[in-house]
Amino acid sequence: SQELEQSPQSLIVQEGKNLTINCTSSKTLYGLYWYKQKYGEGLIFLMMLQKGGEEKSHEKITAKLDEKKQQSSLHITASQPSHAGIYLCGADMLGGSQGNLIFGKGTKLSVKP
Amino acid sequence: EAQVTQNPRYLITVTGKKLTVTCSQNMNHEYMSWYRQDPGLGLRQIYYSMNVEVTDKGDVPEGYKVSRKEKRNFPLILESPSPNQTSLYFCASSQPYGRNTEAFFGQGTRLTVV
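Residues numbered from 1 in each chain as written. Chains lettered and ligands numbered in written order. Predicted model: local features only at pLDDT ≥ 70, side-chain atom pairs only at ≥ 80, totals over all residues. Heavy atoms only, no water.

**Student:** I'd like to hear about the sheet that holds strand 1 (residues 4–7) of chain B, residue by residue, with values.
**Tutor:** Residue and element names in this part refer to chain B. With antiparallel pairing, four strands are arranged side by side in an open sheet as 1-3-8-7. Two strands close off the open sheet at either side, each with one partner strand: strand 1 and strand 7 (65–66). Bridge count between strand 1 and strand 3 (residues 19–25): four bridges; the pairing is antiparallel. In the sheet register, valine 4 faces strand 3, and the bridge partner there is glutamine 25. (Pairing = 2+ DSSP bridges. Helix = DSSP H or I, 4+ residues; strand = E, 2+ residues; numbered from the N terminus.)

Written out as structure tokens, the structure reads:
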């Protein structure tokens, strides 16, 4: 079974709108990583969260790891066409390293001009 | 420039013909891994390596081999490719947990087995 569930699977928003993507695990997360992928291309690192309650921002993207460390949300403010792509959450479930990342299935984001 | 380089980027081959996808990183990372990405299934780990001569199976290792004879290289070997191995493959490298660095991914290798 999928250990990391992302929701929604896909999302279409109007440019300028805010949106949130969720990543939920049934197990404690030792580290949670958000990546963005353009279709068929490599993954681009966005941010990493390690501590419960931690929140990080980069430009208009904010990610948060909940206190119980089992869910993370990625929030995009005032979306732009450049935000379109597939967003993937990856988690270290073993407390080992990023060499053992498990990924969610991804959320496909489309931004309509 | 820090990077993970995969070759080839695109490959079409026939069933049963052995092939190798190379992966090289220039960051002196200890950890390297291989993933495959399929529609509806997401990214799944094939093999990973924690250091030279140390490799372990991921979630979907069947039909694949890897080797880590030197730190910078981590080739993925398909001894007898089959059509169900048609996929988009990614190599990644990183430092061990706790060093607060991200995993770097290669640009991907799109493999088609006919």
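**Student:** For the sheet that holds strand 8 (residues 71–76) of chain A, give the residues involved together with the corresponding values.
**Tutor:** Residue and element names in this part refer to chain A. Ordered by their spatial adjacency, five strands build an open sheet running 1-3-8-7-6, and the pairing between neighbours is antiparallel. The sheet is open, and its two borders are formed by strand 1 (4–7) and strand 6 (55–58), each paired with just one other strand. The mean inter-strand angle of the sheet, taken between neighbouring strand axes irrespective of direction, is 15 degrees. In this structure, strand 1 lies alongside strand 3 (residues 19–25), joined through four bridges in antiparallel fashion. (Axes fitted to C-alpha atoms, helices over the stretch in contact; angles between N-to-C directions.)

**Student:** Summarise the pattern of salt bridges; cite the residues concerned and give the values.
**Tutor:** Residue and element names in this part refer to chain B. Under the defined criterion, the tally for this structure stands at six salt bridges over all chains. We note a salt bridge from arginine 36 to aspartate 38, for which the minimum N-O separation is 2.8 Å. Aspartate 38 matches arginine 36 in its accessibility class, with the two residues each being buried. Of the charged contacts in the structure, one is a salt bridge between arginine 44 and aspartate 38, with a shortest N-O distance of 2.9 Å. With a relative accessible area of 22%, arginine 44 lands in the partly exposed category. A relative accessible area of 11% places aspartate 38 in the buried class. Bridged by salt links that share partners, the residues Lys18, Lys65 and Glu79 form one connected network. (Salt bridge = Lys/Arg side-chain N within 4 Å of Asp/Glu carboxyl O. Buried < 20%, exposed > 50% of the residue type's maximum accessible area, 1.4 Å probe, protein only.)

**Student:** Describe the pairing of strand 9 (residues 85–92) of chain A, listing the residues and the values that go with them.
**Tutor:** Residue and element names in this part refer to chain A. Counting buried positions along strand 9 yields eight of eight residues, so the element is predominantly enclosed. With three bridges joining them, strand 9 and strand 11 (residues 107–112) adopt antiparallel strand pairing. Looking at the pairing, tyrosine 87 lines up with threonine 107 of strand 11.

**Student:** Give a detailed account of the interface of chain A and chain B, specifying residues and quantitative values.
**Tutor:** Listed as interface residues are 23 residues of chain A and, on the opposing side, 24 residues of chain B. Of the roughly 1900 Å² buried at the junction of chain A and chain B (both faces included), carbon and sulfur atoms supply 50%. Summed over the shared surface of chain A and chain B, the number is zero salt bridges. Looking at the side of chain A that touches chain B, the elements with two or more residues in it are strand 4 (31–37), strand 5 (43–49), strand 9 and strand 10 (101–103) of chain A. (Contact = heavy atoms within 4.5 Å. Buried area = accessible area lost by both parts, 1.4 Å probe.)

**Student:** Requested: an account of the nonpolar core, with residues and values cited.
**Tutor:** With 21 residues, the main nonpolar core has Leu32(A), Trp34(A), Leu74(A), Tyr87(A) and Leu109(A) as its most contacted residues. At the level of secondary structure, the elements contributing two or more residues to this core comprise strand 3, strand 4, strand 5, strand 7 (61–65), strand 8, strand 9 and strand 11 of chain A. Counting residues in each nonpolar core, the second largest holds 19 residues, with Val4(B), Cys23(B), Val66(B) and Leu78(B) among its members. (Core = buried A, V, L, I, M, F, W, Y, C linked by side-chain atoms within 4.5 Å.)

**Student:** Describe the pairing of strand 3 of chain A, naming the residues involved and giving the relevant values.
**Tutor:** Residue and element names in this part refer to chain A. With burial as the criterion, only one face of strand 3 is covered, namely that bearing Leu19, Ile21, Cys23 and Ser25; the residues Thr20, Asn22 and Thr24 on the opposite face remain uncovered. In this structure, strand 3 lies alongside strand 8, joined through six bridges in antiparallel fashion. When the sheet's bridge partners are listed, threonine 24 is paired in strand 8 with glutamine 71.

**Student:** Which residues make up unusual backbone geometry, and what values go with them?
**Tutor:** Across residues other than glycine, the phi torsion is negative in most instances, and most of the peptide bonds are trans. Residue and element names in this part refer to chain A. Note the cis peptide between serine 7 and proline 8, where omega equals -5 degrees. Inspection of the secondary structure puts proline 8 in the loop between strand 1 and strand 2 (10–14). Here glutamate 59, not a glycine, exhibits a phi torsion of approximately 55 degrees, which is positive. Exposure remark for glutamate 59: the relative accessible area of 74% places this residue in the exposed category. For alanine 78, which is not a glycine, the phi torsion comes out positive at approximately 50 degrees. Note that alanine 78 resides in the loop between strand 8 and strand 9. A relative accessible area of 26% means that alanine 78 is categorised as partly exposed.

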